[in-house]
Amino acid sequence: MDNLYIAPTPSSPEVDFKFDTRNLSLRGESYPENAAAFYGDIVAKLREFLATQSEITLEVNIALAYFNSSSTKMLFNLIEALDNAAAAGNRVVLNWYHDEEDDTILEFGQELSEDFPAIEFVNHSVGAA
């Protein structure tokens, strides 16, 4: 499967899914005009990839400084696909990066870790730039 790279824009994150090395990253801000359209293909490609894998370790890095409510739903779909893969016997490590002063993103990551227990969540607090 080909790797997936989408360059960041002011309203959408950088997507760098290196399927060959099993390293997936989202970075930036996420408030695209149509989050379902932006994330739809990303989630579909992720599910397609995961359907062909067994007993792998997948590292996921999410460093979003901001995301709106429609992006939240799509992130939930993406992480649900990862949780399903983890529940099926794959190891999924999700590195959740948040600004040390941003309680909202920290708390969202904590909620995700509770909602998707098969994933190994690692919180990373980063200093303000």
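First things first, this report covers the structure right here in the doc. Note that this is a predicted model, so its numbers are computed, not measured. (Residues numbered from 1 in each chain as written. Predicted model: local features only at pLDDT ≥ 70, side-chain atom pairs only at ≥ 80, totals over all residues. Heavy atoms only, no water.)

Our focus in this paragraph is the sheet that holds strand β2 (residues 14-18). What links the strands of a sheet is backbone hydrogen bonding, and the strands pair in either a parallel or an antiparallel sense. Here we have 6 strands laid out as an open sheet, ordered β1-β2-β3-β4-β5-β6, and mixed in their pairing. Each having just a single partner strand, β1 (4-6) and β6 (120-126) make up the two edges of the open sheet. Across the sheet, the mean angle separating the axes of adjacent strands is 15° when strand polarity is ignored. Helix α3 (residues 103-115) contacts β4 (57-67), β5 (91-99) and β6 of the sheet and is inclined by roughly 160° relative to β5. (Pairing = 2+ DSSP bridges. Helix = DSSP H or I, 4+ residues; strand = E, 2+ residues; numbered from the N terminus. Axes fitted to C-alpha atoms, helices over the stretch in contact; angles between N-to-C directions. Contact = heavy atoms within 4.5 Å.)

Turning to unusual backbone geometry, a few remarks are in order. Positive phi, normally seen in glycine, also occurs at R22, with a value near 60°. Along the chain, R22 falls in the loop between β2 and β3 (23-30). Phi is positive for E55, which is not a glycine, with a value near 55°. By secondary structure assignment, the location of E55 is in the loop between α1 (35-50) and β4. For E55, a relative accessible area of 71% corresponds to the exposed category. (Buried < 20%, exposed > 50% of the residue type's maximum accessible area, 1.4 Å probe, protein only.)

All right, on to the pattern of salt bridges then. Throughout the structure, instances matching the rule amount to 3 salt bridges. Across the pair D16 and K18 runs a salt bridge whose closest N-O atoms are separated by 3.6 Å. Look at D16 and you get buried, because its relative accessible area is 15%. The residue R91 makes a salt bridge to E120 at a minimum N-O spacing of 2.8 Å. (Salt bridge = Lys/Arg side-chain N within 4 Å of Asp/Glu carboxyl O.)

Mapped onto the elements of the fold, D16 is located in strand β2. In this structure, D16 is in contact with L4, Y5, N23, L24 and S25, ignoring residues within four places of it in sequence.

F17 and L82 are the most contacted members of the largest nonpolar core, which has 37 residues in total. Looking at this core, the elements that each hand over two or more residues are β2, β3, α1, β4, α2 (69-87), β5 and α3. Setting aside residues up to four positions removed in sequence, F17 forms contacts with N3, L4, N23, L24, S25, L26, I42, L46 and L78. (Core = buried A, V, L, I, M, F, W, Y, C linked by side-chain atoms within 4.5 Å.)

Further remarks concern α2. When the terminal C-alpha atoms of α2 are compared, their 27 Å separation across 19 residues agrees well with the 27 Å that a helix rising 1.5 Å per residue should span. Listed as buried for α2 are S71, M74, L75, L78, I79, A81, L82, D83, A85 and A86. Residue G89 follows α2 closely and has a positive phi angle near 110°. (Expected span 1.5 Å × (residues − 1).)

So yeah, pure geometry; function would need other evidence.
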